[in-house]
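Single-letter residue listing:
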Amino acid sequence: MAKTTDIQVVSSSQFADVVGMIRNAKQRAYTAVNSTLIDLYWQIGKYISTQVESAAWGKSVVEQLADYIRNQEPNSEGFSKQNLWRMKQFYETYKDTDEILSPMVREISWTNNVIIMSRCNTLEEREFYLRMCKIERYSKRELDRQIDSALFERYATNQIKLSPVVREFAPKAETIFRDHYVMEFIEEKAGKPENTLRKALVDKMKAFILELGKDFIHMGDEYRLQVGNSDFRIDLLFYHRELQCLVAFELKTEKFKPEHLGQLNFYLEALDRDVKKPHENPSIGVLLCKSKDDEVVEYALSRSLSPTMVAEYELKLPDKALLQRKMQEIAEWM
């Protein structure tokens, strides 16, 4: 009689737990190695800065140091004369900062530290991108893109108009959503209809998620809702991990009109009745328009009982100088 072998059926979620342990361990190991490397660069930068400040060293001495390191540690990379000067600049940039900012530089890669140090003009801007790198885990390319798109200036001047309901159950929404989105990765075409814009965003979803924030999870485009005997479709549906709610984006390639909100409100009601899970918060709707009049938006949302907001988009990188002037005006007004 043939011997039978019991086969135990194990949930794939249990296997996923083990993979999660492996990934967490790898991340901790990377964090530890990166922190040690950044600390080394800090110490070298401090040493060079002290020697140069005391007039003991000049440019030629640093070049000699690079040659000496290369001869003594031929397998060690990252100690070119250019990088040694960057280490000096790195130390001098952050040596007088507070106890919160200084540790943050050890939590991101050296490459991103160099980008922030060289491309940002103020301590406030550097702190902003350090925090964003830590939260969003930007790659070099993603960080460059965010600086090009003036993300710091757009956050500083963000005046997203929220309905009273959103403010009540999601007070963090003001820091998560923006009144102005940049989608320079989409080819601009005159008279582009909403369905073409939606398809372009789906094709570039990774870039769109970068612009929205990585807590957004894409659930589908033209998301189907059935109400009664009729079918309806939401342009783009996301789930936001921190807010724990569905987020519906409706696209309008024209200027905002108050009547646009009626359709979005209907979609949110259908999502909350038929799609939302019991533990999730009410769904949020974002009307993304080509342009908007802020006063018209304020009037349209002031008595709205639906968790909606209105934002605009542009298909080219913003004028940073213009945004910086707006920042200054806001600061003077306050």
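Each chain has its residues counted from 1, running along the sequence as written. Confidence filtering applies because this is a predicted model: local features only for residues at pLDDT of at least 70, side-chain atom pairs given and counted only at 80 or more, and all residues used for totals across whole chains, interfaces and linings. Note: side-chain values were computed over all heavy atoms of the structure, leaving out hydrogens and water.

S.K.: I tried to follow the overall build of the protein on my own but got confused; where do I start?
M.R.: Put simply, DSSP H or I for four residues or longer makes a helix, DSSP E for two residues or longer makes a strand, and each gets a number counted from the N terminus. Per the secondary structure count, the protein includes 15 helices and seven strands. The C-alpha radius of gyration computed for the protein amounts to 25 Å, which surpasses the reference 20 Å derived for 334 residues by more than 25%, pointing to a less compact arrangement than a globule. Principal axes of the C-alpha set define a box for the protein whose edges measure 90 × 80 × 40 Å. Each residue is assigned to one of three classes by its accessible area relative to the maximum for its type, calculated with a 1.4 Å probe on protein chains only: buried under 20%, partly exposed between the two thresholds, exposed over 50%. Buried residues in the protein amount to 42% of all 334 residues. The contact criterion used is simple: two residues touch if any of their non-hydrogen atoms lie within 4.5 Å. In the protein, once contacts between residues fewer than 6 apart in sequence are set aside, the share between residues at least 24 apart is 65%. Charged side chains of the protein number 48 positive and 52 negative; the gap between the two group centres comes to 4 Å. In this setup the radius of gyration rests on C-alpha atoms only. A globule is expected at 2.2 Å times the number of residues raised to 0.38. By the counting scheme adopted, Arg and Lys are positive, Glu and Asp are negative, and His together with the chain ends is not counted. Taken as the charge location is NZ of Lys, CZ of Arg, CG of Asp or CD of Glu.

S.K.: How should I be thinking about helix H5 (residues 110-119) in this particular structure?
M.R.: Each turn of an α-helix holds 3.6 residues, which means side chains three or four residues apart point in the same direction. Across the ten residues of H5, seven count as buried, placing the element largely inside the fold. If you check which residues of H5 are buried, you get Trp-110, Asn-112, Asn-113, Val-114, Ile-115, Ile-116 and Met-117.

S.K.: Any chance you could explain the pairing of strand E4 (residues 230-240) here in plain terms?
M.R.: Two faces, one strand: in a regular strand the side chains alternate between the faces of the sheet. Sheet topology note: the strand E3 (residues 216-227)/E4 ladder contains ten bridges and is antiparallel. Note that in E4 the partner of Tyr-223 across the bridge is Ile-234. Here the rule is simple: two strands pair whenever DSSP picks up at least two bridges between them.

S.K.: How should the state of the cysteines be read in this particular structure?
M.R.: Two cysteines, two sulfur atoms, one covalent bond between them: this is a disulfide. Any two cysteine sulfur atoms lying within 2.5 Å of each other are counted as a disulfide. Under the criterion given, the structure shown has zero disulfides. Of all cysteine sulfurs, the one in Cys-289 lies closest to Cys-245, which takes part in no disulfide; the gap is 19 Å. Taking relative accessible area as the criterion, Cys-289 reaches 0% and is therefore assigned buried.

S.K.: Honestly, the environment of Glu-259 in this entry has me stumped. Any pointers?
M.R.: Residue position: Glu-259 is located in the loop between strand E5 (245-255) and helix H13 (260-274). In sequence terms Glu-259 and Ala-300 are 41 residues apart; their C-alpha atoms lie 8.8 Å from each other.

S.K.: Explain unusual backbone geometry here, please?
M.R.: Leaving glycine out, the prevailing phi sign among residues is negative, and the prevailing peptide bond configuration is trans. Phi angles above zero are rare outside glycine, and Arg-137 is one such case at about 55°. Its place among the elements puts Arg-137 in the loop between helix H6 (123-136) and helix H7 (140-148). A positive phi angle is found at Gln-244, which is not glycine, with a value near 55°. Residue position: Gln-244 is located in the loop between E4 and E5. Under the relative-accessibility criterion, Gln-244 is labelled partly exposed at 38%.

S.K.: How should I be thinking about the packing of helix H3 (residues 81-94) against H5 in this particular structure?
M.R.: Between two packed helices, the angle of one axis relative to the other and the distance separating the axes together describe the packing. Lines fitted to C-alpha atoms define the axes here, with helix axes fitted over just the stretch in contact, and angles between the N-to-C directions of these axes take values from 0 to 180 degrees. Packing of H3 against H5 brings their axes to within 11 Å, and their N-to-C directions diverge by 65°. By the angle class used here, H3 and H5 are roughly perpendicular. Crossing of H3 against H5: the hand is left-handed. Every residue of H5 that contacts H3 at Asn-83, Arg-86, Met-87, Gln-89, Phe-90, Thr-93 and Tyr-94 is listed here: Trp-110, Asn-113, Val-114, Ile-116 and Met-117. Here the word oblique covers every angle except those under 35 degrees (roughly parallel), over 145 (roughly antiparallel) and from 65 to 115 (roughly perpendicular). The hand of a helix crossing depends on one turn: near helix anticlockwise from the far one by less than a right angle means left-handed, and clockwise means right-handed.

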